[in-house]
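# Summary of the model geometry
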Amino acid sequence: MKIFKFTAISCLLAFTVINGVMPAFTIAGGLIDMGYGSRGGSMVSGLKRSEEPIQPIPISFDDDRPKIELGKKLFFEPRLSKSGWISCNSCHNLSTGGADNLPSSIGHKWLFGPINSPTVLNAKFNLAQFWDGRAKDLKEQAKGPIANPMEMASNHELAVSILQSIPEYMGWFKEVYKDEKITIDNVADAITAFEETLTTPNSRFDLWLRGYDRISQSEQEGYDLFKAKGCINCHNGFGVGGNSFQKFGIAKPYDKDTQTLGRCNVTKNEKDKYVFKVPLLKNIELTAPYFHDASTWSLSEAVNIMAEYQLGVTLSRDETNKIVAFLKTLTGDQPSIIFPILPPSTANTQKPDRN
Ligand code: HEC
Ligand code: HEC
């Protein structure tokens, strides 16, 4: 098997193409997927357009493979849910941009959650997790859905006891954490290690930022409009968002959903009513419907809503089309994942309960 892998990266090496070849290797958990960071072969380093307010997604190096491999299994592990049917991947489907393309997710007993599921792709670039930022990081976030009655509906003791009933998991946790017992903290830690590999470098726009002319004239005009109209004030950085909390409805009150209070739930501060974490726009074309309330399936309409409610401007059709064209250049290489094979349950494994 020949898998290309970036072995080194240095901003000093302007426009150097770095290729390396690495074999797959095995650990106790089986074949390690060498594909996390490998995105198609070659990558350039050297920031030609480094003054831009958007940065290319860095190529990451997967340094702790046994932990990442364990985290990947857990991400796909439906037995972490009470029904034995729902995994993280059910709602953050890595085949569909790390989200579920539903207005709101379907959880335990077919319950519909109150809010649209954000993507897990590039989530490590968020200043906090969830729309209202109530989890400070990925590790704190990962414990939430397992015990959320509307999501996986399990509890941490049950989830841990299920993993402990499966000898393979006991072995992998022991190998990674040097501990005879499995803890929910280590479950979250391993899932986090896997999530941190879920980045999407090499979008056409990122390549443009690195000095390659990979975007068209109208896509570049879209980017110029994105800056000139003021979108860039909130959507910038590696993820084109994710680094601030902002009110939805600055120029005009957002009236389509007045029930979801956003950041105010966390801070209890009236001025944080309708304040949300600015979503990442990298891969945005993959993750319709849009907004926390999924009020539109159309990216053009989402752009127009932003212009109207955040900036108080009306875009011409041509301007909207160009901004949308620019947004579509933000889709990067999706993580290439070898589907994990999970170990069988034993006689001691708690049976699924769909009630
Ligand atoms: C039933 C569907 C469902 C399942 C299962 C689920 N999630 Fe989520 N996830 C959501 C929804 C909905 C949100 C947004 C909730 C909010 O902001 O209030 C979310 C938010 C997140 C976020 C925050 C992203 C951001 O931009 O703020 C991460 C990371 C995440 N989930 C990872 C996971 C992991 C890891 C698991 C498995 C342990 C998991 N999710 C299981 C639906 C789900
Ligand atoms: C003042 C800050 C701010 C400005 C300016 C702004 N946005 Fe946003 N943007 C947000 C916030 C906050 C959200 C999340 C709103 C919600 O769903 O609650 C968002 C959501 C979005 C979404 C939907 C993302 C998703 O995953 O659902 C798109 C697309 C978007 N913005 C594009 C734009 C464009 C294009 C512009 C310029 C016309 C723009 N934004 C201007 C803060 C801003």
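Only a predicted model underlies this, so the values are computations on that prediction, with no experimental measurement involved.

Let us now look at the site of ligand 2. Taken together, 25 residues are adjacent to ligand 2, and C231, C234, Y290, F291 and M306 come closest. Ranked by residues supplied to the shell around ligand 2, first place goes to helix 10 (residues 299-311) with 6 residues. A class-by-class count of the residues in the shell around ligand 2 yields 17 nonpolar, 7 polar and 1 charged.

As a further point, take the site of ligand 1. The immediate surroundings of ligand 1 are formed by 25 residues, with C88, C91, P118, F130 and P145 found nearest. Elements that contribute at least two residues to the shell around ligand 1 include exactly helix 2 (88-91) and helix 3 (138-147). Examining the composition of the shell around ligand 1, we find that 5 residues originate from one element, helix 3, more than from any other. Its residues assigned to classes, the shell around ligand 1 shows 15 nonpolar, 9 polar and 1 charged.

Right, let's talk about the nonpolar core for a bit. In a soluble, globular protein the nonpolar side chains are often hidden away together inside. Counting 32 residues, the largest nonpolar core has L74, A159, L163, V187, A190 and I191 as the members making the most contacts within it. Sorting the residues of this core by element identifies helix 1 (65-75), helix 3, helix 4 (156-164), helix 5 (167-177) and helix 6 (184-195) as the ones contributing at least two each. Among the elements that take part in this core, helix 6 stands out by supplying 6 residues, more than any other. Beyond its immediate sequence surroundings of up to four residues, V187 is in contact with L74, A159, V160 and I182. Formed by 26 residues, the second largest nonpolar core is a distinct cluster that contains I54, Y223, F291 and I305.

So, on to the environment of P335. Along the chain, P335 turns up in the segment after helix 11 (317-328). Given 21 C-beta atoms within 10 Å, P335 falls into the buried group. Remark: the alpha-carbon pair of P335 and T199, spanning 136 residues in sequence, is separated by 6.8 Å.

Glancing now at helix 8 (residues 217-229). With 13 residues, helix 8 ought to run about 18 Å at 1.5 Å a step, and its terminal C-alpha atoms sit 18 Å apart, in line with that. Listed as buried for helix 8 are E219, G222, Y223, L225 and F226. In a view along the axis of helix 8, the buried residues occupy a sector of 160°, so they form one face of it. The exposed set on the far side of helix 8, more than 90 degrees from its buried face, consists of Q217 and A228. In this structure, the buried side of helix 8 is in contact with helix 11. G230, located one to two residues past helix 8, shows a positive phi value of around 110°.

So, about unusual backbone geometry. Omega for the peptide link from A288 to P289 comes to -5°, which places this bond in the cis form. Tracing the backbone shows P289 in the loop between strand 8 (275-277) and helix 10. Of note, N122 is a non-glycine position whose phi angle comes to about 65°, a positive value. With 24 C-beta atoms counted inside 10 Å, the residue N122 sits in the buried group. One non-glycine residue with positive phi stands out, namely A153, at about 60°. One can find A153 in the loop between helix 3 and helix 4. Residue class for A153 comes out buried when judged on the 22 C-beta atoms lying within 10 Å of it.

All right, on to the environment of T296 then. The topology assignment puts T296 in the loop between strand 8 and helix 10. Spatially, the C-alpha atoms of T296 and P103 are 8.9 Å apart, while their sequence positions differ by 193 residues. Contacts of T296, omitting those with residues within four sequence positions, involve P289, Y290, F291, E301, A302 and I305.

Reading guide: rules and limits
- Residues numbered from 1 in each chain as written.
- Chains lettered and ligands numbered in written order.
- Predicted model: local features only at pLDDT ≥ 70, side-chain atom pairs only at ≥ 80, totals over all residues.
- Near = placed C-beta within 6 Å.
- Helix = DSSP H or I, 4+ residues; strand = E, 2+ residues; numbered from the N terminus.
- Nonpolar A, V, L, I, M, F, W, Y, C, P; charged D, E, K, R; others polar.
- Core = buried A, V, L, I, M, F, W, Y, C linked by C-beta atoms within 7 Å.
- Buried ≥ 20, exposed ≤ 12 C-beta atoms within 10 Å, placed from the backbone.
- Contact = placed C-beta atoms within 7 Å.
- Expected span 1.5 Å × (residues − 1).
- Arc of directions from axis to C-beta.

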